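# A look at the structure
Residues per chain, in single letters:
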Amino acid sequence: MAEALLDARGIGVRFGDFRALSEVTLAVAAGSLHTVIGPNGAGKTTLFNVLTGRLRPSEGRIVLAGHDVTQMPAHRRVHLGMARSFQVTNIFADLTVTENLRMAAQAVAGGEPWVFWRAHRPMRETVEALLEQVGLAARATRRAGDLSHGAQRALEIGMALAADPRIIFLDEPLAGMGIDDVHRTKELIHRLVPARTVVLIEHNMRVVLDISDRITVLAQGRPIAEGTPAMIRSDAAVREAYLGSGL
Ligand SMILES: Nc1ncnc2c1ncn2[C@@H]1O[C@H](COP(=O)(O)OP(=O)(O)OP(=O)(O)O)[C@@H](O)[C@H]1O
C-alpha cells in the first residue's frame with residue numbers, strides 16, 4: 001500500500017487490569033474509506049478515542065500525515081486535518097441549520113470577531129457549500145432541533161466538514177436511523193471519499209460491506225481480520241466472531 005495517511009501500530013490500552021486493546025495495527029490509505037467493525041465491547045470506540053487523541057494509548061505509536069501524534073492532544077491533531085463526528089449529537093438545537101454551520105465554520109476561523117468580519121464573504125460561501133454537500137439546503141432556516149434524526153446527523157457531519165478536514169472519524173453515523181435516512185447518509189459518507197479520508201465505526205453490515213474500501217475487524221480488543229469487504233465476508237474468524245448475525 002502507498003504510505004498511509006494514518007498509521008497506528010501496536011496499539012494497546014489498559015484500564016487498570018483490563019486490557020481494552022492489544023496489538024492493534026491500522027493503516028488507513030489517503031482517500032479511502034476504512035471501517036472498524038466488531039461485536040459490542042470489542043474496543044472500537046476506545047480505538048477511536050486513541051486515534052483522535054482523547055485517550056493516550058498504553059502502548060504503540062500513531063503517525064498522522066507523517067507526524068508522530070501518539071502524545072498529541074486532540075485539539076492539535078485538528079490542525080493536522082483531523083475531525084470527528086460523535087455518536088452523541090453535538091448540534092445546537094435552538095439555532096437554525098445555517099447558524100449551526102456558521103458556528104462551526106467560525107470556530108475554525110479562530111472565533112475572533114475581526115477574523116469573522118474579514119472572512120465574512122468566504123464564510124457565507126463556505127456555509128452554502130456545506131449545506132449543499134450534506135443535502136440540507138432546503139432546510140437551511142429550520143431550527144436544528146426540529147430536524148429528523150437523519151438530518152441532524154447530516155448536520156453534524158457538515159459541522160465536522162467545516163474544518164475542511166483531510167481525515168474524518170464517524171462513530172456509528174447510522175445508529176437509530178430510519179431506512180430513508182440510512183440511504184441518504186450512506187451516500188453522503190460515500191461521497192466524502194476520495195477527496196477526504198474517512199474512518200468509520202458502523203454496525204450496519206450491509207452498508208459497511210457496500211461502501212468500505214477496507215475493513216478492520218476487532219474482537220475482544222484484538223484485530224482478527226483486515227481486508228476488502230469481499231475478504232472480510234468470507235473470513236472464517238470473522239464469521240465465527242459474528243456467528244448468527246447473518247454476515
Ligand atoms: N474508561 C473505561 N474504563 C474501563 N473500561 C472501559 C473504559 N472505556 C471502555 N471500557 C471497556 O473497554 C471495552 C471496549 O469498549 P468500547 O466502548 O471501546 O467497545 P465498542 O467496540 O466501541 O463497543 P460498542 O459496539 O458497544 O460501542 C468494554 O469492555 C468497555 O467496558
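Just so we're clear, the structure is a prediction, and the values are computed from it rather than from any experiment.

## Let's talk about the sheet that holds strand S2 (residues 18–29)
If you walk across this open sheet you meet the four strands as S2-S1-S4-S5, and the pairing is antiparallel. Two strands lie at the open edges of the sheet, namely S2 and strand S5 (67–68), each paired on one side alone. The pairing of strand S1 (residues 4–15) with S2 spans eight bridges and is classified as antiparallel. Counted as the bridge partner of Ala4 is Ala29 from S2.

## A short note on the packing of helix H3 (residues 97–108) against helix H6 (residues 149–161)
Each pair of packed helices gets described by two things: the angle between the helix axes and the distance between those axes. In the contact formed by H3 and H6, the axes pass within 8 Å of each other and the chain directions differ by 25 degrees. With respect to their mutual orientation, H3 and H6 come out roughly parallel. Considering the relative orientation of H3 and H6, their crossing is right-handed. Counting all contacts with H3, which are made through Val97, Asn100, Leu101 and Ala104, the residues of H6 involved are Leu155, Gly158 and Met159. Tallied by class, residues from the contact of H3 with H6 come to five nonpolar, two polar and no charged.

## Notes on the sheet that holds strand S3 (residues 33–37)
Taken together, six strands build an open sheet; the order of strands is S6-S7-S8-S3-S9-S10 and the sheet is mixed. Whereas interior strands pair on both sides, the edge strands pair on one side only; in this sheet they are strand S6 (82–85) and strand S10 (222–227). Neighbour to neighbour, the strand axes of the sheet diverge by 15 degrees on average, direction disregarded. Of the strand pairs in this sheet, strand S7 (residues 167–171) and strand S8 (residues 197–201) are connected by five bridges, and their pairing is parallel. What sits directly across from Asp171, in S8, is Ile201. Along the sheet face, helix H1 (residues 44–52) touches S3, S6, S7, S8 and strand S9 (214–219) and points at about 155 degrees away from the line of S7.

## Structural notes on the nonpolar core
Of all hydrophobic cores here, the largest spans 63 residues; its most connected members are Leu47, Leu51, Leu101, Leu155, Ile168 and Val198. It is H6 that contributes the most residues to this core, seven residues altogether. Here this core spans two domains, since at least three of its residues come from each of domain 1 (1–81 + 167–247) and domain 2 (87–164).

## Re the pairing of S8
One face of the sheet, then the other: side chains in a regular strand alternate in exactly this way. Along S8, five of the five residues are buried, which leaves the element largely enclosed by surrounding structure. Of the two faces of S8, both are covered, the one formed by Thr197, Val199 and Ile201 as well as the one formed by Val198 and Leu200. For S3 and S8, the ladder comprises four bridges, and the chain directions are parallel. Residue Val36 lies in a different strand from S8, and its bridge partner there is Ile201. With respect to chirality, the unit in which S7 leads through helix H7 (residues 179–192) into the neighbouring parallel S8 is right-handed.

Reading guide: rules and limits
- Residues numbered from 1 in each chain as written.
- Predicted model: local features only at pLDDT ≥ 70, side-chain atom pairs only at ≥ 80, totals over all residues.
- Pairing = 2+ DSSP bridges.
- Helix = DSSP H or I, 4+ residues; strand = E, 2+ residues; numbered from the N terminus.
- Axes fitted to C-alpha atoms, helices over the stretch in contact; angles between N-to-C directions.
- Parallel < 35°, antiparallel > 145°, perpendicular 65-115°, else oblique.
- Left-handed = near helix turned anticlockwise from the far one by under 90°.
- Contact = placed C-beta atoms within 7 Å.
- Nonpolar A, V, L, I, M, F, W, Y, C, P; charged D, E, K, R; others polar.
- Core = buried A, V, L, I, M, F, W, Y, C linked by C-beta atoms within 7 Å.
- Buried ≥ 20, exposed ≤ 12 C-beta atoms within 10 Å, placed from the backbone.
- Domains from an automatic or database assignment.
- Right-handed = clockwise from strand over helix to strand, strands pointing away.

Remember, this is a structural readout, not a statement about activity or role.
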